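Read off the chains here:
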Amino acid sequence: MIAYVTVGADDIALAKRFYSAFLPALGYGLTEGPEGLSFALPATGQQPLLPDFYVKPPFNGEPAAAGNGTMTAFEAANQTQVRALHAAALAAGGADDGQPGFRAAYGPRFYVGYLRDPEGNKIALFSSNPADPS
């Protein structure tokens, strides 16, 4: 099980604007501190829901850089939410890396939109909700 994902950011304010455009709609709460941003899903009873998502300046003090071939995917409730959150993330400073739509290579119900955050990290917003049309 993945416990958390961390991406680097040099401009925390810009990263906050970008990630706050869609993560709260997916149930993530935000905690800010001197070390950066911590997005977490609410706890159910005594167990936190995982994974957490952190946005922080790199610990080594070097500039943030996106990983080549690295991507973080967030599951949306349905295709409508994928489109809405993709648009919100673009308006909040993200770059389009693939408009929302079906990707036949991943199956008939896999609906996904791809983005780059302000640092270049690749983000996917997807749904494979069986109630949506395929």
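Anything mentioned here points back to the structure above.
How each quantity is defined
Counting starts from 1 at the beginning of each chain's written sequence and moves along it residue by residue. Totals for whole chains, interfaces and linings use all residues, but because this is a predicted model, local features are given only for residues with pLDDT of at least 70 and pairs of side-chain atoms are given and counted only at 80 or more. For side-chain calculations, the full set of non-hydrogen atoms in the structure is used, while hydrogens and water are omitted. Think of it in three bands: with a 1.4 Å probe and only protein chains considered, a residue is buried below 20% of the maximum accessible area for its type, exposed above 50%, and partly exposed in between. Going along the chain from the N terminus, every DSSP run of H or I of four or more residues is numbered as a helix, and every run of E of two or more is numbered as a strand. Only when DSSP finds a minimum of two bridges between them are two strands counted as paired. The salt bridge criterion pairs a side-chain nitrogen of Lys or Arg with a carboxyl oxygen of Asp or Glu, the two atoms within 4 Å. Axis definition: a line fitted to C-alpha atoms, over the contacting stretch in the case of helices. Angles run 0 to 180 degrees between N-to-C directions. The set of buried Ala, Val, Leu, Ile, Met, Phe, Trp, Tyr and Cys residues whose side-chain atoms join them within 4.5 Å is what this entry labels a nonpolar core. Every residue pair with non-hydrogen atoms within 4.5 Å of one another is taken to be in contact.

**Q** What am I meant to see in the pairing of strand β9 (residues 111-116) here?
**A** Within a regular beta strand, the side chains point alternately toward one face of the sheet and then the other, so they alternate between its two faces. Counting buried residues in β9 gives 5 out of 6 residues, a clear majority hidden from the surface. Judged from the 5 bridges that link them, strand β8 (residues 95-102) and β9 form a sheet pairing that is antiparallel. By the bridge assignment for β9, D96 is matched with L115. As paired elements, β9 and strand β10 (residues 122-127) share 6 bridges and run antiparallel to each other. What sits directly across from G113, in β10, is L125. Hairpin connection between β9 and β10: a loop of 5 residues separates the two successive antiparallel strands, and G120 in this loop has a positive phi of roughly 100°.

**Q** Looking at this structure, I do not really get the pattern of salt bridges. What am I missing?
**A** Pairs can form between side chains of opposite charge once their charged atoms are near each other. One pass over the structure, following the stated rule, counts 3 salt bridges. Among the ionic pairs, K16 bridges to E32, the shortest N-O distance being 2.7 Å. You can see K16 sitting in helix α1 (residues 12-20) and its partner E32 sitting in strand β2 (residues 29-33), a full 16 residues away along the chain. Look at E32 and you get partly exposed, because its relative accessible area is 47%. Linked through salt bridges whose partners overlap, the residues forming this network are D97, R116 and K122.

**Q** Help me understand the sheet that holds strand β7 (residues 71-75), please; the structure alone is not making it clear to me.
**A** Two pairing modes exist for strands in a sheet, parallel and antiparallel, and in both the strands are linked by backbone hydrogen bonds. Taken together, 4 strands build an open sheet; the order of strands is β7-β10-β9-β8 and the sheet is mixed. Strands with a single pairing partner mark the edges of an open sheet, and in this sheet they are β7 and β8. Across the sheet, the mean angle from the axis of one strand to that of its neighbour is 15°, orientation sign disregarded.

**Q** Please clarify how the nonpolar core should be interpreted in this entry.
**A** Most often, soluble globular proteins have nonpolar side chains that are buried together. If you look at the biggest cluster of nonpolar residues, it comprises 23 residues, and the most contacted ones within it are Y19, F22, L23, L26, F53, V55 and F74. Sorting the residues of this core by element identifies α1, β3 (36-40), β6 (52-56), α2 (79-91), β9 and β10 as the ones contributing at least two each. Residue contacts for V55: discarding those within four places in its chain leaves V7, A9, I12, A15, Y19, E35, G36, L37 and F39. Grouped together as the second largest cluster of nonpolar side chains are 5 residues, V112, Y114, A124 and F126 included.

**Q** Help me understand unusual backbone geometry, please; the structure alone is not making it clear to me.
**A** Peptide bonds are, in most cases, trans, and in most cases residues other than glycine have a negative phi. L50 connects to P51 through a cis peptide bond whose omega is 5°. Note on placement: P51 falls in the loop between β5 (47-48) and β6.

**Q** Sorry, what's going on with the sheet that holds β2 here?
**A** The strand order across the open sheet formed by 4 strands is β1-β6-β3-β2, and the pairing between neighbours is mixed. Strands at the two margins of the open sheet, each flanked by one partner only, are β1 (4-8) and β2. Pairs of neighbouring strands in the sheet enclose a mean axial angle of 15°, with direction left out of account. The sheet contact formed by β3 and β6 spans 3 bridges and is antiparallel. Paired with S38 across the strands is Y54, a residue of β6. On top of the sheet, α1 reaches β1, β2, β3 and β6; it is set at about 20° to β3, its chief contact.

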